[in-house]
Amino acid sequence: MTAGDAAAAVEAANARAVERMLAADPVLADVAVAGEAIAGLEGRTVLHAGPPIGWPDMCGPMRGAVAGAIVLEGWADDLESAGALAAAGGVAFHPNHRFDAVGPMTGLTTPSMPVMVVENRAFGNRAFCTLNEGLGKVMRFGGNDAEVLARLRWLADGFGPAFGAALREAGGIALKPLIARGLSMGDEMHQRNVACTSLLLRAIAPALARVVDDRAALARLFEFIGGNDQFFLNVAMAMGKAIMDPVRGIAGSSVVTAMSRNGTMFGIRVSGLGDRWFTAPVEMPRGLYFPGFSEADANPDMGDSTIVETVGLGGFAMAAAPAVAGFVGAGTAADALDYTRAMEEIAVARNPEWTIPALDFAGVPTGIDIRKVVASGQAPTINTGIAHREAGIGQVGAGVVRAPMACFEQALQAFAAEMGVA
Amino acid sequence: MRDRPQPIQDLLDGPVAVVNVGLARFARTLEGQGIAAVQVDWRPPAGGGPGGGGPPAGVGRRPPAGGDRRLIDLLDRLGA
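One numbering rule holds for all chains: residues counted from 1, following each sequence as written. Labels follow written order: the first chain is A, the first ligand is 1, and so on. With pLDDT at 70 or above as the cut-off, local features in this predicted model cover only qualifying residues; side-chain atom pairs require 80 or more to be listed or tallied, and sums for whole chains, interfaces and linings still use all residues.

Trainee: Outline unusual backbone geometry, supporting the account with residue identities and numerical values.
Mentor: Residue and element names in this part refer to chain A. Of note in this structure, Asp 100 is not a glycine but carries a positive phi near 60°. Put simply, DSSP marks the helices as runs of H or I at least four residues long and the strands as runs of E at least two long, and each gets a number from the N terminus on. Mapping Asp 100 onto the fold places it in the loop between strand S3 (92-95) and strand S4 (101-102). Residue class for Asp 100 comes out buried when judged on the 21 C-beta atoms lying within 10 Å of it. For Asp 360, which is not glycine, the phi dihedral falls at a positive 55°. With respect to the secondary-structure elements, Asp 360 resides in the loop between strand S13 (347-356) and strand S14 (362-368). Residue burial is a threshold on neighbouring C-beta atoms within 10 Å of the residue's own C-beta, all placed from the backbone, with 20 or more meaning buried, 12 or fewer meaning exposed, and counts in between meaning partly exposed.

Trainee: Describe helix H5 (residues 146-170) of chain A, and please don't skip the residues or the numbers.
Mentor: Residues and elements named next belong to chain A. A helix is expected to span 1.5 Å for every residue after the first. Between the first and last C-alpha of H5 there are 34 Å, a value that for 25 residues agrees with the 36 Å anticipated at 1.5 Å per step. Buried residues along H5 sit against strand S1 (26-33), helix H3 (60-73), strand S5 (114-120), strand S7 (173-174), helix H7 (194-211) and helix H8 (215-226). Just downstream of H5, Gly 171 is the residue with a positive phi angle, here 75°. A pair of residues counts as a contact when their C-beta atoms, built from backbone coordinates, are within 7 Å of each other.

Trainee: Before we move on, can you summarise the interface of chain A and chain B with the specific residues and values?
Mentor: Taken together, the contact between chain A and chain B spans 32 residues of the former and 21 residues of the latter. Among the elements of the structure, helix H1 (3-23), helix H12 (333-344), helix H13 (370-376) and helix H14 (405-418) of chain A are those that each provide at least two residues to the side of chain A that touches chain B. In terms of residues, the side of chain A that touches chain B owes the most to one element, H12(A), which gives 6 residues. In this classification, the charged set is Asp, Glu, Lys and Arg, the nonpolar set is Ala, Val, Leu, Ile, Met, Phe, Trp, Tyr, Cys and Pro, and all remaining amino acids, among them Gly, are polar. Tallied by class, the residues present in the side of chain A that touches chain B amount to 18 nonpolar, 7 polar and 7 charged.

Trainee: Tell me about the packing of H7(A) against helix H9 (residues 231-244) of chain A, and name the residues and values.
Mentor: Residue and element names in this part refer to chain A. Axes here mean lines fitted to C-alpha atoms, for a helix over just the part in contact, with angles spanning 0 to 180 degrees between N-to-C directions. Between H7 and H9, the least distance of the axes is 8 Å, while the angle of their chain directions is 90°. Between H7 and H9, the angle is such that the two are roughly perpendicular. Taking contact as the criterion, the partners of Cys 196, Thr 197 and Leu 200 in H7 are, on H9, Phe 231, Phe 232 and Val 235. Residue composition of the contact of H7 with H9, grouped by class: 5 nonpolar, 1 polar and no charged. Should an angle lie under 35 degrees it is considered roughly parallel, over 145 roughly antiparallel, and from 65 to 115 roughly perpendicular; all remaining angles are considered oblique.

Below is the structure:
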């Protein structure tokens with residue numbers, strides 16, 4: 001293949017990739033038990049955020065979460081023996097992405113956990129994400145004590161079944177229009193989800209009231225959603241996964257289909273290169289820390305939530321959410337505009353359905369092209385929470401982090417070889 | 001109250017001429033008190049606003065392809 005032919009083929013393939021992204025019809029359809037809904041998730045299997053990793057290389061919060069999940073599943077009686085079981089190879093570790101799933105921060109998914117089910121009704125695929133546990137001491141930040149496990153059991157036995165029944169009763173909640181409204185209300189869907197959480201609660205409340213007879217139980221459901229501004233994050237993540245999976249495997253496409261981190265390594269996958277991971281060490285977010293904490297307490301970047309940036313939200317939609325720029329220490333409202341403009345340089349297109357009022361209703365940058373990333377020297381910007389580096393303490397701040405350029409350079413070399421121009 | 005230094009006292013003894021640079025609200029506040037003020041429309045160069053001199057600090061970039069000749073060649077062949 002000549003260089004001219006290769007360039008034309010990549011342009012055409014990338015146009016197809018973005019076409020699929022824009023044609024997606026993601027619908028929040030159900031909450032199901034992970035082990036029943038996710039094909040192949042069986043036995044003592046633990047799904048985690050990021051590219052593949054084994055117990056020896058896991059960071060503190062990831063190990064803490066794994067130990068907690070093992071106790072939650074009843075595979076060990078206490079955290080100590082759970083850690084010993086994991087260290088001895090007594091559980092199988094796999095990335096969420098391998099099982100059509102995603103999870104925030106540590107991202108653990110185990111068979112008994114409830115997962116939200118997002119159907120991409122344009123392509124017939126489904127994607128999964130656990131329920132957001134709320135703020136404070138939670139498993140996604142490495143929490144694993146009795147309080148954390150009790151909340152997870154209530155999510156599995158109380159919240160999940162009721163929320164799933166309500167979603168089925170409502171016929172699902174279409175997510176693209178909800179995201180569009182959220183963008184106009186100041187959300188970027190990674191570190192700010194207050195508008196979309198409210199919109200979702202407003203949409204599902206009547207169905208919840210119809211399927212839950214016990215008024216006290218219903219009130220607790222409403223309180224849980226209404227008391228957690230980030231409840232919608234996990235919905236956005238499952239939606240991102242449902243949108244991006246049909247983009248995998250388009251020959252000749254240099255569009256990124258996944259960005260993800262496990263607290264140790266950052267990984268990306270590229271449409272024309274199948275499900276191969278290109279990895280590099282994660283970076284430390286720059287941001288603001290809660291009182292009493294500093295960068296010395298922080299764990300490096302972690303979580304599958306970068307699927308949100310992969311579809312053009314989060315750091316790519318910073319201009320929609322000036323309040324986030326301050327929260328993550330990224331500067332002023334004017335800076336927020338520049339963040340989004342910078343991401344336009346590395347994207348294939350703009351999404352005409354997800355627009356940003358402050359940019360004269362320009363669409364969010366859509367379809368990250370590894371060629372543009374390497375050529376521009378502009379790595380994707382990610383808005384993220386920051387976990388304490390020790391298990392069980394939780395979130396200590398929020399910030400901005402960049403995807404490591406080395407991932408894109410490795411992928412570019414592999415892509416050139418795949419295209420026959422290396 | 002401490003006595004003012006003599007040069008400042010001399011300045012304030014006569015009519016005061018105010019030249020305000022930047023935020024116009026300061027000039028308008030003085031005018032509201034009957035004090036004449038000349039407003040100079042000025043803002044810091046590359047003030048960080050839209051188009052104001054490149055990406056903000058958190059969006060720093062590397063040189064294209066990190067200056068790596070081999071990557072630049074690959075990009076040329078891939079049409080970037």
